[in-house]
Amino acid sequence: MRPLIATIRTQYLRDNYLLAKRQHGGRVLAVLKANGYGHDAARCAQALADVADGFAVACLEEALHLRAAGVSAPILLLEGVFEAAELAEVERHRLWLVVQSEEQLRMLEESQPAAPFRVWLMLDSGMHREGFLPRHYRAAWERLQASGKAESIVKMTHFARADEPTVPMTLAQIESFDAATAGLPGEESVANSAGILCHPRARRDWGRAGILLYGASPLPAGFPQGDELKPVMRLSSRIFGVRELAAGEPIGYGNNFVTERPTRVGLIAGGYADGYPRLASSGSPVAVDGRRSRIIGRVSMDMITVDLSELPAAGIGSEVELWGDTVSVNEVAAAAGSISYELLCNIKRARFVFE
């Protein structure tokens, strides 16, 4: 059996969620969109069932998947509904939903539910991706309240640059949110993962823990607030081929790496078809039998070559950690010019093992 394995440590998932709760205070939604950031949303929800205050997903399909898996806790649709017909499913499955546009607000106003919905009303405090602008927010809130279609309204916003703690935009967004919602009753949700970790003024009634839940800090290197997070996914493979090359020999497609000295090369199962980033080629860190080394040559569709020159004990069958405990997924993402979110979500053909 191909030895590419994604080991999902569910206790680490629980530990990270409880860390978010301690940091934020109040209640925290565990964000399980994109199949739990590539970790299997249903299995993650089941692992968190007795500790999580609720879950959040992107869309109705993701919520229905969780309900089919037996998840009974509250589930918030972060993108709301895309057409009015979806509201029947929202009602049937007792889902909560975000309203972030005039079109979605009108859908609720025109709906005829047996019972009102639990609504989270999005304010565009500066990200300019979704939500009502500050000058329109109060009117939207009043319309929703007057419609009788909302059992409760949680006021919410989303940050654009909370993962850059020294950038003043997050404070400006918090101030915009506070000004736009002043005097409006109801609970509030402001903090995403980075907000939970390093923006105390963002900690309100509900936090939304996304990437931190999976153990990847959203903060730049040098900010210790995420140091206690534990990597939930450990992606590993094994060496199945070894060769000795002289100095001056090219490796892999494009000959973009040429040995500068006699080099011992290990071949491992894994590549960009599995979700490992193709751009994380020569120099990207790996760990062989627990010792750090590097990729040499270009990442192929389903094979990767690694440098064994300083690891004489390594050979056929040696384990290679692509990311996890010794090599951070953030390091690999940096080598690929990407972010940990993308890498974790893209793992496809690995064999998933849950602990």
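Before any of the text, the structure's been laid out above.
Residues numbered from 1 in each chain as written. Predicted model: local features only at pLDDT ≥ 70, side-chain atom pairs only at ≥ 80, totals over all residues. Heavy atoms only, no water.

### Quick look at the packing of aromatic side chains
Thought 1: Applying the stated rule across the entire model yields seven aromatic pairs.
Thought 2: Site record: aromatic cluster; members linked through ring pairs are Tyr37, Tyr214 and Tyr341.
Thought 3: Here the guanidinium or amino end of Arg43 rests over the ring plane of Phe354, the centre of that ring lying 4.0 Å away. (Phe/Tyr/Trp six-rings, centres within 6.5 Å; stacked < 30°, edge-to-face > 60°. Lys NZ or Arg CZ within 6 Å of the ring centre and 35° of its normal.)

### Remarks on the environment of His199
Thought 1: Within the secondary structure layout, His199 lies in the loop between helix H9 (193-198) and strand E9 (206-209).
Thought 2: Its relative accessible area of 11% is what places His199 among the buried residues.
Thought 3: A C-alpha to C-alpha distance of 9.8 Å links His199 and Asp163, two positions 36 residues apart in sequence.
Thought 4: Setting aside residues no more than four positions away along its own chain, His199 makes contact with Ala162, Pro165, Thr170 and Ala194.
Thought 5: Separated by 3.1 Å, the side chain of His199 and the backbone oxygen of Ala162 make a polar contact. (Helix = DSSP H or I, 4+ residues; strand = E, 2+ residues; numbered from the N terminus. Buried < 20%, exposed > 50% of the residue type's maximum accessible area, 1.4 Å probe, protein only. Contact = heavy atoms within 4.5 Å. Polar contact = N/O pair within 3.5 Å; in protein donor to acceptor, adjacent residues only side chain to side chain.)

### Considerations on the layout of surface pockets
Thought 1: Taken as a whole, the largest pocket spans an internal volume of roughly 830 Å³.
Thought 2: Together, 36 residues line the largest pocket, and Lys33, Tyr37, His158, Asn192 and Tyr341 are the ones closest to its centre.
Thought 3: Looking at the lining of the largest pocket, the elements with two or more residues in it are helix H2 (33-38), H9, helix H10 (329-335) and helix H11 (340-345).
Thought 4: The class makeup of the residues in the lining of the largest pocket is 21 nonpolar, eight polar and seven charged.
Thought 5: Its volume calculated, the second largest pocket comes out at about 390 Å³.
Thought 6: Along the wall of the second largest pocket there are 21 residues; nearest its centre are Gly215, Ser217, Gly226, Ser328 and Asn330.
Thought 7: Looking at the lining of the second largest pocket residue by residue, the classes come out as 13 nonpolar, seven polar and one charged. (1 Å grid on protein atoms, 1.4 Å probe; cavity = no way out; pocket = protein on both sides within 12 Å on 5 of 7 lines; lining within 4 Å. Points joined across faces, edges and corners; volume = space filled by probe spheres on them. Nonpolar A, V, L, I, M, F, W, Y, C, P; charged D, E, K, R; others polar.)

### Looking at the pairing of strand E6 (residues 117-123)
Thought 1: Taking burial as the measure, the seven residues of E6 include six buried ones, the bulk of the element.
Thought 2: The sheet contact formed by strand E5 (residues 96-99) and E6 spans four bridges and is parallel. Across the sheet, residue Val99 finds its bridge partner in E6, namely Leu121.
Thought 3: Handedness of the crossover joining E5 and E6 through helix H6 (residues 102-110): right-handed.
Thought 4: Taken together, the seven bridges between E6 and strand E7 (residues 150-157) define a ladder with parallel strand orientation. Its bridge partner lying in E7, Arg118 is registered against Ser152.
Thought 5: On the question of chirality, the crossover connecting E6 to the parallel E7 by way of helix H7 (residues 134-147) is right-handed. (Pairing = 2+ DSSP bridges. Right-handed = clockwise from strand over helix to strand, strands pointing away.)

### As for the pattern of salt bridges
Thought 1: Inspection of every chain in the model, using the stated rule, returns 26 salt bridges.
Thought 2: A salt bridge links Arg9 to Asp325; the shortest N-O distance between them is 2.8 Å. Placement of Arg9 in the loop between strand E1 (5-8) and helix H1 (10-24) and of Asp325 in the loop between strand E17 (319-323) and H10 is noted, with a sequence separation of 316 residues between them.
Thought 3: By relative accessible area, Arg9 is classed as buried at 9%.
Thought 4: Between Arg261 and Glu310 there is a salt bridge; the shortest N-O distance is 2.9 Å. Pair noted here: Arg261 is in the loop between strand E12 (257-258) and strand E13 (263-269) and Glu310 is in the loop between strand E16 (303-307) and E17, with a separation of 49 residues, a long-range link.
Thought 5: Residue Glu310 is classed as exposed on the basis of its relative accessible area, which comes to 51%.
Thought 6: Connected through salt bridges with shared partners, the residues Lys155, Glu175, Asp178, Glu188, Arg201 and Arg204 form a single ionic network. (Salt bridge = Lys/Arg side-chain N within 4 Å of Asp/Glu carboxyl O.)

### Focus on H6
Thought 1: Of the residues making up H6, those classed as buried are Gln104, Leu105, Met107 and Leu108. Looking down the long axis of H6, one finds its buried residues gathered within 155 degrees of arc, a one-sided arrangement.
Thought 2: Those residues of H6 that are buried are in contact with helix H5 (86-92), E5, E6 and H7. (Arc of directions from axis to C-beta.)

### Details of the packing of H6 against H7
Thought 1: For the pair H6 and H7, the least separation of the axes is 10 Å and the interaxial angle reads 15 degrees. Here H6 is positioned roughly parallel relative to H7, judged by the angle of their axes. The handedness of the crossing between H6 and H7 comes out as left-handed. The residues of H7 that touch H6, namely those facing Glu102, Leu105, Leu108 and Glu109, are Ala140, Arg143, Leu144 and Ser147. (Axes fitted to C-alpha atoms, helices over the stretch in contact; angles between N-to-C directions. Parallel < 35°, antiparallel > 145°, perpendicular 65-115°, else oblique. Left-handed = near helix turned anticlockwise from the far one by under 90°.)

### Overview of helix H4 (residues 60-68)
Thought 1: Inspection of H4 places Leu60, Ala63, Leu66 and Arg67 among the buried residues, and these make up the whole buried set. Looking straight down H4, one finds its buried side chains confined to an arc of 120 degrees; they lie on one side. Counted as exposed and oriented over 90 degrees from the buried face of H4: Glu61 and Ala68.
Thought 2: Where H4 is buried, its residues meet helix H3 (41-48), strand E3 (55-57), strand E4 (75-77) and H5.
Thought 3: Backbone geometry just downstream of H4 places Gly70 in the positive-phi region, at approximately 95 degrees.

### Considerations on empty space enclosed by the protein
Thought 1: One pass over the structure, following the stated rule, counts one cavity of 30 Å³ or more.
Thought 2: When its volume is computed, the largest cavity comes out at roughly 40 Å³.
Thought 3: As for the largest cavity, its lining consists of Met122, Leu123, Asp124, Ser125, Met127, His128, Arg129, Glu130, Thr157 and His158.
Thought 4: Looking at side-chain class alone, the lining of the largest cavity contains three nonpolar, four polar and three charged residues.

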